[in-house]
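Summary of structural features
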Amino acid sequence: MEHVTANLRPGPAIPGVLVLLMTIMFTIVTRGGPDAGETSWMILLVPVGILASCGLAIAAGFCSFFPQLAWIALATWALRFTAAGGPLPAYNRYVLIAGMVAAAAMIGLQFWRVRTGKFVPTIRDPEGHE
């Protein structure tokens, strides 16, 4: 149980998931508003937000499997907003898919690190304190 707990900590996932949620939700909310013409240039920043959130999830993946898994799940949800007529331009679909591939690669790397012993979980208490 300790091994599973050490490798599936949800805490490191918070920054990457929040950035992706804010990027997608901000775009959805502002896309159809009265200032839609003024915010149209901001739609070009969506791929930057997606890539930044993926980078945060991958960086957090060096201490847990959960950030990449959570990011992939959220990116799968966000793909539906890139469909025809959706609030996000279609090219964001490719950015999301590229991020999902990168996050999956990080899962493989972290699995290798755990398997070879190169990753030492920080949840262990070497002195046995409770």
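Computed from a prediction, not measured in an experiment: that's the story for all the values here.

1. Some points on the packing of helix H3 (residues 46-60) against helix H4 (residues 66-78)
Two packed helices can be described by the angle between their axes and the distance between those axes. Running from amino to carboxyl end, H3 crosses H4 at an angle of 150°, the nearest separation of the two axes being 7 Å. In terms of their interaxial angle, H3 and H4 are classed as roughly antiparallel. For the pair formed by H3 and H4, the contact residues are Ile 50, Ser 53, Cys 54, Ala 57 and Ala 60 on the first element and Pro 67, Gln 68 and Trp 71 on the second. Taken together, the residues of the contact of H3 with H4 sort by class into six nonpolar, two polar and no charged.

2. A short note on the packing of H4 against helix H5 (residues 91-116)
In the contact formed by H4 and H5, the axes pass within 9 Å of each other and the chain directions differ by 160°. If you check the angle between H4 and H5, you find them roughly antiparallel. Once H4 is placed against H5, the crossing between them reads as left-handed. Counted together, Gln 68, Leu 69, Trp 71, Ile 72, Ala 75, Thr 76 and Ala 78 of H4 and Leu 96, Gly 99, Met 100, Ala 103, Ala 104, Met 106, Ile 107 and Gln 110 of H5 form the full contact between these two elements. Each residue belonging to the contact of H4 with H5 can be placed in one class, and the counts come to eleven nonpolar, four polar and no charged.

3. Some thoughts on the side chain of Ser 64
By the secondary structure assignment, Ser 64 is in the loop between H3 and H4. Judged by its relative accessible area of 0%, Ser 64 is buried. Within the structure, the side chain of Ser 64 is placed 3.2 Å from the backbone nitrogen of Phe 66, a separation counted as a polar contact. Discounting chain neighbours no more than four positions away, the residues touching Ser 64 are Asn 7, Leu 8, Arg 9, Pro 12 and Gln 110.

4. Points about the packing of aromatic side chains
In the structure shown here, the tally under the stated rule is one aromatic pair. Consider the rings of Trp 77 and Phe 81, whose centres lie 4.9 Å apart with planes at 80°: the pair is edge-to-face. Take Phe 81: its relative accessible area is 14%, and that puts it in the buried class.

5. Some remarks on the nonpolar core
One finds Leu 20, Ile 24, Ile 50, Trp 71, Ala 75, Leu 96 and Met 100 to be the most contacted residues of the largest nonpolar core, which totals 19 residues. Where this core is concerned, the elements lending two or more residues are helix H2 (14-31), H3, H4 and H5. The greatest single-element share of this core, amounting to five residues, is contributed by H4. Once residues lying within four places of it in the same chain are set aside, the contact partners of Ala 75 are Leu 20, Leu 96 and Met 100.

6. Quick notes on the confidence of the model for the chain
For the chain, mean pLDDT is 83; residues scoring 70 or higher make up 80% of the total. Averaged over each element, pLDDT in the chain is lowest for helix H1 (residues 2-7) (68) and highest for H4 (94).

7. With respect to a nonpolar patch on the surface
Side chains of Leu 8, Phe 66 and Leu 69 sit close together on the surface and give an oily, nonpolar patch of about 240 Å² of accessible area. In this fold, Leu 8 is placed in the loop between H1 and H2.

8. What about the environment of Pro 67?
Within the element layout of this structure, Pro 67 appears in helix H4. Assessed through its relative accessible area of 1%, Pro 67 is described here as buried. Ignoring any residue separated from it by four or fewer positions in sequence, one finds Pro 67 in contact with Arg 9, Pro 12, Ala 13, Ala 57, Ala 60 and Gly 61.

About the thresholds
- Residues numbered from 1 in each chain as written.
- Predicted model: local features only at pLDDT ≥ 70, side-chain atom pairs only at ≥ 80, totals over all residues.
- Heavy atoms only, no water.
- Axes fitted to C-alpha atoms, helices over the stretch in contact; angles between N-to-C directions.
- Helix = DSSP H or I, 4+ residues; strand = E, 2+ residues; numbered from the N terminus.
- Parallel < 35°, antiparallel > 145°, perpendicular 65-115°, else oblique.
- Contact = heavy atoms within 4.5 Å.
- Nonpolar A, V, L, I, M, F, W, Y, C, P; charged D, E, K, R; others polar.
- Left-handed = near helix turned anticlockwise from the far one by under 90°.
- Buried < 20%, exposed > 50% of the residue type's maximum accessible area, 1.4 Å probe, protein only.
- Polar contact = N/O pair within 3.5 Å; in protein donor to acceptor, adjacent residues only side chain to side chain.
- Phe/Tyr/Trp six-rings, centres within 6.5 Å; stacked < 30°, edge-to-face > 60°.
- Core = buried A, V, L, I, M, F, W, Y, C linked by side-chain atoms within 4.5 Å.
- pLDDT = per-residue confidence, 0-100.
- Patch = residues over 30% accessible without salt bridge, like charges linked within 9 Å, V, L, I, M, F, W, Y side chains within 5 Å.
- Areas by Shrake-Rupley, 256 points an atom, 1.4 Å probe, with all protein chains shown as cover.
- Salt bridge = Lys/Arg side-chain N within 4 Å of Asp/Glu carboxyl O.

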